[in-house]
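# Close look at the chain arrangement
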Amino acid sequence: MNCLQCGKSFRGRSDKKYCSLPCKNAHYRLRTDPHHEILKKVDAILHRNHAILSQLPWEDKKILTIPKIYLDTHGFNFDFHTGTFTNRHNQLFFYLYNFAWRPHPENKIWIMKK
Ligand SMILES: [Zn+2]
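A few points on the structure.

Basis of the calculations
- Residues numbered from 1 in each chain as written.
- Predicted model: local features only at pLDDT ≥ 70, side-chain atom pairs only at ≥ 80, totals over all residues.
- Heavy atoms only, no water.
- Donors = N, O, S within 2.8 Å, 3.2 Å for Na, K, Ca; no water.
- Tetrahedral: all angles 85-135°; square planar, octahedral: opposite > 155°, others 65-115°.
- Helix = DSSP H or I, 4+ residues; strand = E, 2+ residues; numbered from the N terminus.
- Buried < 20%, exposed > 50% of the residue type's maximum accessible area, 1.4 Å probe, protein only.
- Contact = heavy atoms within 4.5 Å.
- Pairing = 2+ DSSP bridges.
- Axes fitted to C-alpha atoms, helices over the stretch in contact; angles between N-to-C directions.

With that settled, the discussion passes to the coordination of the zinc ion. Looking at the zinc ion, the protein donor atoms are C3 (SG), C6 (SG), C19 (SG) and C23 (SG), and they sit 2.3 to 2.4 Å from it. One way to put it: the 4 donor atoms around the zinc ion meet at angles of 106 to 117 degrees, and that makes the site tetrahedral. One chain supplies every donor for the zinc ion, spaced along it as C-x2-C-x12-C-x3-C. Placement of the pair is C3 in the segment before α1 (21-31) and C19 in the segment before α1, with a sequence separation of 16 residues. Given the relative accessible area of 4%, C3 is considered buried.

Set out below in structure tokens:
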């Protein structure tokens, strides 16, 4: 099952909705505050994106190149990121919290973990 707050998959009782107490608290806090309704939707997408990148087989690597289809099938949303960066070779990178990614040839995505 997947956490209603961050979208991460977790094991537990079948009636459990959140992966952790902080996620449960965050969900209730947001639900009772109408100002957070819009933020919640974007946060959920960013958090799911982050969970997907975090769960890649990093081991002790800092850089991975993986097929785009892998991220697509896991529900990664390429339209949402936390910032951008253009290096001196005019390559555009997309930040997602502590990750940076950019399209790579052959339908792959290059990802760096900070
Ligand atoms: Zn969670």
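That covers the picture; the talk isn't over yet.
Next up on the list: the side chain of N49. Mapped onto the elements, N49 comes out in helix α2 (residues 36-54). The residues contacting N49, other than those within four sequence positions of it, are G75, F76, N77, F80 and L96.

This part is about the sheet that holds strand β2 (residues 83-86). Spatially, the 5 strands line up as an open sheet ordered β1-β5-β4-β3-β2, and their pairing is antiparallel. The sheet is open, and its two edges are formed by β1 (63-67) and β2, each paired on a single side. Averaged over neighbouring strand pairs, the angle between their axes works out to 30 degrees when direction is ignored. Note that β2 and strand β3 (residues 92-96) share 4 bridges and pair antiparallel. Each bridged residue has a counterpart across the sheet, and for F85 the counterpart in β3 is F93. Here α2 sits on the sheet in contact with β3, β4 (99-104) and β5 (108-113), set at roughly 100 degrees to β3.

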